[in-house]
Amino acid sequence: MTGESWSDGAKNYRLYGVQSCLRSTTYTNGAGQLADCGDASLAMFAAYIKDTKPVCAPVIVLGELTYVMCYSSVGDQQLDLGTLLISSGFAFAALDKDGLPYSANYAVAEQTAREEKRGLWQFSDVQHPAIALAIQANRPAGNSQQ
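A quick note: this is a predicted structure, and the numbers were derived from the prediction, not measured.

Rules and cut-offs
Residues numbered from 1 in each chain as written. Predicted model: local features only at pLDDT ≥ 70, side-chain atom pairs only at ≥ 80, totals over all residues. Heavy atoms only, no water. Pairing = 2+ DSSP bridges. Helix = DSSP H or I, 4+ residues; strand = E, 2+ residues; numbered from the N terminus. Disulfide = S-S within 2.5 Å. Buried < 20%, exposed > 50% of the residue type's maximum accessible area, 1.4 Å probe, protein only. Expected span 1.5 Å × (residues − 1). Contact = heavy atoms within 4.5 Å. Polar contact = N/O pair within 3.5 Å; in protein donor to acceptor, adjacent residues only side chain to side chain.

Direction of pairing for strand 1 (residues 5-8) relative to strand 2 (residues 11-15): antiparallel, over a ladder of 4 bridges. Bridging from a neighbouring strand, Asp8 pairs with Lys11 of strand 2. Here strand 1 hands over to strand 2 after 2 residues, with Gly9 in that stretch at a positive phi of 70°.

Structure follows, in structure tokens:
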């Protein structure tokens, strides 16, 4: 389980258009200590699932992975779970291979969360997971330095 994906028996699911922090990437929290960004994304994802009991529908099935859109009930409103996670600052708009967001709405929610320093954006050294993945992809083979 990550901050945007989970398994239910043999089935694997992922929120469409959402990217959580990567496990083992760190940020410096308010106490000046390094914290795992992926753990923070996962904790918020789990809290939203527990508190809002989202209903999900498949969008795309690729092999053993099903991409889903989920809606949560908050009061009398139905809210998109991806938007909740991203606008709270604990997830990011996923980018395609050209660096463009899969969802324009998610990109706007992310920009607003960043500008308002919500969630993880309040910490100056939080790195967008797309940047971390690009750095990792461009690292020469056999080079374990970051």
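The structure having been displayed, the exposition proceeds.
Let us now look at the state of the cysteines. The bond known as a disulfide is covalent and runs between the sulfur atoms of two cysteines. Inspection of every chain in the model, using the stated rule, returns 2 disulfides. Covalently, Cys21 is tied to Cys37 through a disulfide, its sulfur atoms 1.9 Å apart. On the criterion of sequence distance, the pair formed by Cys21 in the loop between strand 3 (18-19) and strand 4 (26-28) and Cys37 in helix 1 (residues 37-52) is long-range, its members being 16 residues apart. When sorted by exposure, Cys21 lands in the same class as Cys37, which is buried. Cys56 shares a disulfide with Cys70; S-S distance 2.0 Å. Since a negative S-S torsion denotes a left-handed disulfide, the Cys56-Cys70 link at about 105° is right-handed. Within this pair, whereas Cys56 is found in strand 6 (residues 55-62), its partner Cys70 is found in strand 7 (residues 65-74), the two being separated by 14 residues in sequence. Taking the relative accessible area as the measure of exposure, Cys70 reaches 1% and is therefore buried.

This part takes up helix 1. Taking 1.5 Å of rise per residue, 16 residues should cover 22 Å, and helix 1 covers 23 Å from first to last C-alpha, within 8% of that figure. Packing partners of the buried residues in helix 1 comprise strand 1, strand 2, strand 4, strand 5 (34-36), strand 7 and helix 2 (81-87). For helix 1, the side-chain oxygen to backbone nitrogen distance between the N-cap and Gly38 is 2.8 Å, and the N-cap itself is Asp36. Positive phi shows up at Lys53, right after helix 1, with a value of about 45°.

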